[in-house]
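Tertiary structure, described
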Amino acid sequence: QQFRFISHPGVMTVSKLLEMKHICRMRATFTQENIDKMKAFDPELARKAQIAFDNKLPINFQQLEMIEESLPRLLEEKKQLSAAREAVAKLPVGGPYNMPAVDISAARPVPGQKDLQGTALELAEKVNPGSMASQVEGPAKEWISQGAAKQIGSK
């Protein structure tokens with residue numbers, strides 16, 4: 001038997017989006033059963049997962065560690081993304097496919113952002129301040145060490 005690959009436009013689009021790490025991030029959507037099982041191993045993590053579950057937030061585990069601090073932003077991001085989905089769904093079939101004007105200011109991470117919110121480095125910088133600056137060389141090192149301290153301290 002022979003396996004044939006069909007390049008369906010929908011499959012190609014989804015696979016391309018999954019390759020773009022700044023576009024698509026893996027997030028967990030917890031169930032009460034998941035949370036109950038987590039309690040046996042890590043009650044603190046289960047408590048944070050319960051917060052995500054109660055607010056119906058899909059969340060990745062790095063954001064889960066800091067959910068209490070970032071909950072207002074995550075809830076606003078959820079509203080904004082829902083509004084953006086509705087606006088895109090209202091576009092007429094066949095075009096024109098111009099992106100509707102929607103507010104996505106709370107969405108993180110986004111290409112070109114100048115802060116650490118929602119990135120993999122946010123947790124690392126909070127737990128170990130200066131960890132990001134230790135990995136960078138050149139003129140950006142001073143900018144990062146000053147900017148990251150301000151961003152983490154302002155939360």
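Heads up: these notes are all about the structure in this document. Remember, it's a predicted structure, so these values are computed and weren't measured experimentally.

Conventions and cut-offs
- Residues numbered from 1 in each chain as written.
- Predicted model: local features only at pLDDT ≥ 70, side-chain atom pairs only at ≥ 80, totals over all residues.
- Heavy atoms only, no water.
- Helix = DSSP H or I, 4+ residues; strand = E, 2+ residues; numbered from the N terminus.
- Buried < 20%, exposed > 50% of the residue type's maximum accessible area, 1.4 Å probe, protein only.
- Contact = heavy atoms within 4.5 Å.
- Areas by Shrake-Rupley, 256 points an atom, 1.4 Å probe, with all protein chains shown as cover.
- Polar contact = N/O pair within 3.5 Å; in protein donor to acceptor, adjacent residues only side chain to side chain.
- Bend = angle between axes of the 7 residues up to and from the residue.
- Salt bridge = Lys/Arg side-chain N within 4 Å of Asp/Glu carboxyl O.
- Axes fitted to C-alpha atoms, helices over the stretch in contact; angles between N-to-C directions.
- Parallel < 35°, antiparallel > 145°, perpendicular 65-115°, else oblique.
- Core = buried A, V, L, I, M, F, W, Y, C linked by side-chain atoms within 4.5 Å.

**Concerning the overall build of the protein chain**
Within the protein chain, the regular secondary structure consists of seven helices and zero strands. The helix and strand sequence of the protein chain, counted from the amino end, reads α-α-α-α-α-α-α. Counting across all 155 residues of the protein chain, residues that qualify as buried make up 27%. By sequence separation, contacts in the protein chain at least 24 residues apart represent 43% of the contacts at least 6 residues apart. Working note: accessible area of the protein chain is about 11100 Å², and carbon and sulfur atoms make up 61% of it.

**Some words on the environment of Asn60**
Structurally, Asn60 can be placed in the loop between helix H3 (43-54) and helix H4 (61-65). Relative accessible area serves as the criterion here: at 10%, Asn60 is assigned to the buried category. Between the C-alpha atom of Asn60 and that of Gly118, which follows or precedes it by 58 residues, the distance is 9.5 Å. Apart from residues lying up to four places away in sequence, Asn60 is in contact with Arg25, Met26, Arg27 and Ala28. Within the structure, Asn60 has its side chain in polar contact with the backbone nitrogen of Gln62 (distance 3.2 Å).

**Things to note about unusual backbone geometry**
Within the chain, Lys56 stands out as a residue other than glycine whose phi angle is a positive 55 degrees. Along the chain, Lys56 falls in the loop between H3 and H4.

**Focus: helix H5 (residues 67-89)**
Largest kink in H5: about 35 degrees, centred on Arg73. Of the residues making up H5, those classed as buried are Ile67, Ser70, Leu71, Arg73, Leu74, Glu77, Gln80, Ala84 and Ala87. For H5, the secondary structure elements touched by its buried residues are H3 and H4.

**Thoughts on the pattern of salt bridges**
One side chain can pair with another of opposite charge once the charged atoms of both are near each other. With the rule as written, the count across this model stands at nine salt bridges. With its nearest N and O atoms 3.3 Å apart, the salt bridge here joins Lys37 to Glu33. Highlighted residues: Lys37 and Glu33, both in helix H2 (residues 32-39), separated by four residues, approximately one helical turn. Classification of Lys37 as exposed rests on a relative accessible area of 52%. Relative accessible area serves as the criterion here: at 53%, Glu33 is assigned to the exposed category. When salt bridges that share partners are traced, they join Arg27, Arg73 and Glu77 into one network.

**Structural notes on the packing of H3 against H5**
Where H3 meets H5, the closest approach of the two axes is 11 Å, and the angle between their N-to-C directions is 10 degrees. Judged by the inter-axis angle, H3 sits roughly parallel to H5. Across from Arg47, Lys48, Ile51 and Ala52 in H3, the residues of H5 making contact are Ile67, Glu68 and Leu71.

**Let's talk about the nonpolar core**
Formed by 14 residues in total, the largest nonpolar core has its most connected members in Phe30, Met38, Ala52, Ile59, Leu64 and Ile67. Breaking this core down by element, the ones donating at least two residues are H2, H3 and H5. Counting residues per element, this core draws most heavily on H3, at five residues. Not counting residues within four places of it along the chain, the set of residues in contact with Phe30 comprises Ile35, Met38, Ala49, Ala52, Phe53, Ile59, Phe61 and Leu64.

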